[in-house]
Amino acid sequence: MALGFLFMGLGMLGVVLPLLPTTPLLLLALFFFVKGSKRFEVWFKGTNVYKKHLEGFVRDKSMTLKQKITINLFADVMILIAFLMVDKIWVRLILVGVVGYKYYYFVTKIKTVSGGKAT
C-alpha cells in the first residue's frame, strides 16, 4: 500500500513536472493498490488522476501522442545511462533491442488518441 501511495504521489508530481512520466508511475500505483487492497483499488480508480491519465489506457490500450512521447523519452534517457555505463557489447545490444521493441510496441500495439478518437 505504501508503494501505491508513493507512486501515486510521484505520478501526480509528473502532471506538473515534465521530467516525470505520469502514466507509468500511476500504472505502478494501480498495480500496488490492486495487490494491496480491493478497497484502495476502487478508491484509486475513482480519483480524477486515474480517470484523466490511466482510464483510457487500461480500458482501450490507448494513449495520447504526448503521453507516448513523454514515456518513451524518459525510458530512452534511463536506457542511455545504462548503455553508457556498460562496457559489454552484448549488454549494449540487448539495450538497443529493448529500445527497438519498445518503439515497435508503442507504435503498433497502443492506439494513439486525440480528442477521444483513435488513430
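Further up the page is the structure itself.
Once a new chain begins, its residue numbering starts again from 1 and follows that chain's sequence as written. Totals for whole chains, interfaces and linings use all residues, but because this is a predicted model, local features are given only for residues with pLDDT of at least 70 and pairs of side-chain atoms are given and counted only at 80 or more. With hydrogens and water stripped out, all remaining heavy atoms of the structure feed into the side-chain values.

Trainee: Please explain the nonpolar core as it appears in this structure.
Mentor: Buried together is how nonpolar side chains tend to be arranged in soluble globular proteins. Here, nonpolar core means buried Ala, Val, Leu, Ile, Met, Phe, Trp, Tyr and Cys residues that are tied together by side-chain atoms lying within 4.5 Å of each other. Residue exposure (1.4 Å probe, protein chains only): buried if accessible area is under 20% of the type maximum, exposed if over 50%, otherwise partly exposed. By size, the foremost hydrophobic cluster in this structure holds 11 residues: Phe-7, Met-8, Leu-25, Leu-26, Ala-29, Leu-30, Phe-33, Phe-44, Val-49, Tyr-50 and Leu-54. Secondary structure elements are defined from DSSP: runs of H or I of at least 4 residues count as helices, runs of E of at least 2 residues count as strands, and each element is numbered from the N terminus. Those elements giving two or more residues to this core turn out to be α1 (2–16), α2 (22–36) and α4 (48–53). In terms of residue count, the dominant contributor to this core is α2 (five residues). When neighbours within four sequence positions are excluded, Leu-54 is seen to be in contact with Thr-23, Leu-26, Leu-27, Phe-44 and Val-49. Grouped together as the second largest cluster of nonpolar side chains are five residues, Phe-57, Ile-71, Phe-106 and Ile-110 included. Whether two residues touch is decided by their heavy atoms; if any such pair falls within 4.5 Å, the residues are in contact.

Trainee: What is the right way to read the layout of surface pockets from this model?
Mentor: A probe as big as a water molecule, rolled over the atoms, marks out the empty space that is left. Space inside the largest pocket adds up to approximately 470 Å³. Definitions used throughout: a 1 Å grid over protein atoms alone; a cavity as a set of points that fits a 1.4 Å probe which cannot get out; a pocket as an open set with protein on both sides within 12 Å along at least five of seven lines; a lining residue as one with an atom within 4 Å of a point. Lining the largest pocket are 26 residues; nearest its centre among them are Thr-22, His-53, Thr-64, Lys-66 and Gln-67. Among the secondary structure elements, those contributing two or more residues to the lining of the largest pocket are α1, α2, α4, α5 (55–60), β1 (62–64) and α6 (65–85). By residue number, the principal contributor to the lining of the largest pocket is α5, which donates five residues. Amino acid classes used here: Ala, Val, Leu, Ile, Met, Phe, Trp, Tyr, Cys and Pro are nonpolar; Asp, Glu, Lys and Arg are charged; the rest, including Gly, are polar. The residue inventory of the lining of the largest pocket, partitioned by class, reads 11 nonpolar, nine polar and six charged. As a volume, the second largest pocket reaches approximately 170 Å³. Grid points are joined across faces, edges and corners, and a volume is the space filled by probe spheres set on the points.

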